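Chain and residue survey
One letter stands for each residue in the lines below.
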There are 2 protein chains.
Amino acid sequence: MTDASAPQRLAPTTDGGPVGPVMVIGGAEDKLGERVILSRFVELAGGGRGHIAVISTASSLGDAATDLYRHIFGRVGGGTVTGLRPETREEANDPQTVAALTGATGIFMTGGNQLRLSSVIGGTKLGAAILDAHGQGAVVAGTSAGASAVATHMMAFGSSGATPKHRMAHVSVGLGLLVNVVVDQHFEQRTRLGRLLAVVAQSPSLIGLGLDEDTAAIIDANDVLEVIGRGSVTIVDGSEVITDAFHTTGHKPMMVSNARLHSLPSGYRFDLRARRVLPLDATPNARIAQLAQGRIAKMVRQAAAEGRNDRAIERRRLRHEDRKASE
Amino acid sequence: MTDASAPQRLAPTTDGGPVGPVMVIGGAEDKLGERVILSRFVELAGGGRGHIAVISTASSLGDAATDLYRHIFGRVGGGTVTGLRPETREEANDPQTVAALTGATGIFMTGGNQLRLSSVIGGTKLGAAILDAHGQGAVVAGTSAGASAVATHMMAFGSSGATPKHRMAHVSVGLGLLVNVVVDQHFEQRTRLGRLLAVVAQSPSLIGLGLDEDTAAIIDANDVLEVIGRGSVTIVDGSEVITDAFHTTGHKPMMVSNARLHSLPSGYRFDLRARRVLPLDATPNARIAQLAQGRIAKMVRQAAAEGRNDRAIERRRLRHEDRKASE
């Protein structure tokens, strides 16, 4: 039986291999410093051998957005970069536009207004080509508006605030790379928990992802999500939710009970199918434990030596006085 | 066995009866309009036969805060109002100050700075007298800083934001009317979810209550919480929480997974012992269902009549034309 609320992919895996990763970024990602997020995108897109397509349809900055990312991807070791900026559905259906995605190993959608992405590209040949490339293993990333647009259900716009209210958020159809997920961005900075709770309470089959700025979630072909960047990813699981969403009226607060909330900073991974956080890689903790054990063993040896030889204390006192004298 | 995370009361119930209600208000409660919250407080304090003590220690406004509430409580049918404003521990230990609470049926703590309440009144004879009055059935209410101070663990101060971070909140000892609860106020307006999550993740035995402005939670002797007012009460239940609070450093985001979140508007009740929302009173819904059934039954009768008598349709057409003619 299909698990109605498990994440799904619409991308056809034409070559039998796994779909590529999806990378959703909360906006305002670091462009001048360590560039952790954009470097990771370039790495996932194959580094110097990769072919990246930047889609700037959401942006009102024209080609400037593409030029900025072309520059950064070059600086962090990326391969070729092609700019794509369809502004009408006609352009998004143009075979020449679609051809630009042939052989793409990475697709990057800029910020701006997600409704431009969904209304210009959704349901066009370019939209299908994005899914095809993804099905053949290309990483698809989006920042801000570009992040919102990746899922089948897209947070189109709404109001801010931490308390869920009726009519707070409007949902449209996104590009369909992720199913049963809804993405919101600039999450902490614009206080968007309320609208994410409201959408998940109305549609508990959706897992809500709230991305802080300069923070990204990378979702692999097994639907395991990894957090990187400066902030946290908030995950709202509504599978046990109790709500009055269906009879709240006007713009009143909405009752949402039993929502399960996860707030995950960099390094944490979350299994979207099992809906639970995964343990951290044991390596760093194991190393600390090893060091601590070494120190304790040394202290035990010293204490034992002192027990056998009372002059040890005297020696330590003398050493201490030596040190004081030389200060 | 004691349930270590169930809400408890420290107030001694000297007369064998139940403790009074605790009413915590998120600040900025309506003072000029319907005054739903302040009217309810006066009602719980016994209305015209009540004796209310207003404690304005938290406020920097001097006696003006007391005068404001005295005026409002009078307007909504309250009885006598006594002002209390100890500013030192010496004053809070003065038998004359303490005597002012004799026979009090309601105690109201104004807003301001909760650290003034805890540091001036906590652990003094006045602090004990508040617990005694409460144990004898008096309602104890606080707004803003006054709300924060009611619990054993008090959110003293902290920074805002929706994402939990290390060192975000500082906890002190409050007045002890509620145990295993931590209260935060101006909750949505000042975006305080992050610090409430951080405190509950570090101390999962605490139930976090986040009160929006002009919104109150009334907790009865059975630890059932009722929401009234314009906004919502956010309840954070950390009993199943997974966190790295114990090894996050600096001011970095904290991992908090599996927090259970409830956002409850006016009219909802929550059982703090069972940690679950209670169903709404059936009365209003049952009434709507009854009305709808009445309408449907009438339509069924009309349809049946039309079946028996084809002229019914003709009659309706004629009535419709009559109405149009008279427009």
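Our subject is the structure that appears above.
About the thresholds
Residues numbered from 1 in each chain as written. Chains lettered and ligands numbered in written order. Predicted model: local features only at pLDDT ≥ 70, side-chain atom pairs only at ≥ 80, totals over all residues. Heavy atoms only, no water. Contact = heavy atoms within 4.5 Å. Buried area = accessible area lost by both parts, 1.4 Å probe. Salt bridge = Lys/Arg side-chain N within 4 Å of Asp/Glu carboxyl O. Buried < 20%, exposed > 50% of the residue type's maximum accessible area, 1.4 Å probe, protein only. Helix = DSSP H or I, 4+ residues; strand = E, 2+ residues; numbered from the N terminus. Arc of directions from axis to C-beta. Pairing = 2+ DSSP bridges. Axes fitted to C-alpha atoms, helices over the stretch in contact; angles between N-to-C directions.

Overview of the interface of chain B and chain A
Contacts between chain B and chain A engage 32 residues on the former and 32 residues on the latter. Both faces considered, chain B and chain A share a buried interface measuring about 2,600 Å² in area, 51% of it formed by carbon and sulfur atoms. Looking at the side of chain B facing chain A, the largest losses of area belong to B:Glu188, B:Arg260 and B:Leu261, adding up to 21% of the total buried there. With a closest N to O distance of 2.7 Å, A:Glu188 and B:Lys165 form a salt bridge.

Section: helix H1 (residues 36-44) of chain A
Residue and element names in this part refer to chain A. Among the residues making up H1, those that are buried are Ile37, Leu38, Phe41 and Val42. End-on, the buried residues of H1 take up no more than an arc of 135°, which puts them together on one face. Positive phi appears at Gly46, one or two residues downstream of H1, with a value of about 100°.

Observations concerning helix H8 (residues 193-202) of chain A
Each α-helix winds once per 3.6 residues, and so residues spaced three or four apart point in a common direction. Burial analysis of H8(A) places nine of its 10 residues in the buried class, which makes it a mostly covered element. Among the residues making up H8(A), those that are buried are A:Leu193, A:Gly194, A:Arg195, A:Leu196, A:Leu197, A:Ala198, A:Val199, A:Val200 and A:Ala201.

Digging into the sheet that holds strand S10 (residues 215-219) of chain B
Residue and element names in this part refer to chain B. Pairing in this open sheet of nine strands is mixed, and the strands run S3-S2-S4-S5-S1-S10-S11-S15-S16 from one edge to the other. Single-partner strands in this sheet number two, and they are strand S3 (80-84) and strand S16 (276-278). Strand-to-strand twist across the sheet, computed as the mean angle between neighbouring axes with direction ignored, equals 20°. As judged from the five bridges shared by S10 and strand S11 (residues 224-229), these two strands associate in the antiparallel manner. Looking across to S11, one finds that Thr215 is bridged to Gly229. Where helix H2 (residues 63-75) meets the sheet, it contacts strand S2 (51-55), S3, strand S4 (106-109) and strand S5 (139-143), and its direction lies at approximately 170° from that of S3.

Bear in mind that shape data such as this cannot, by itself, settle questions of function.
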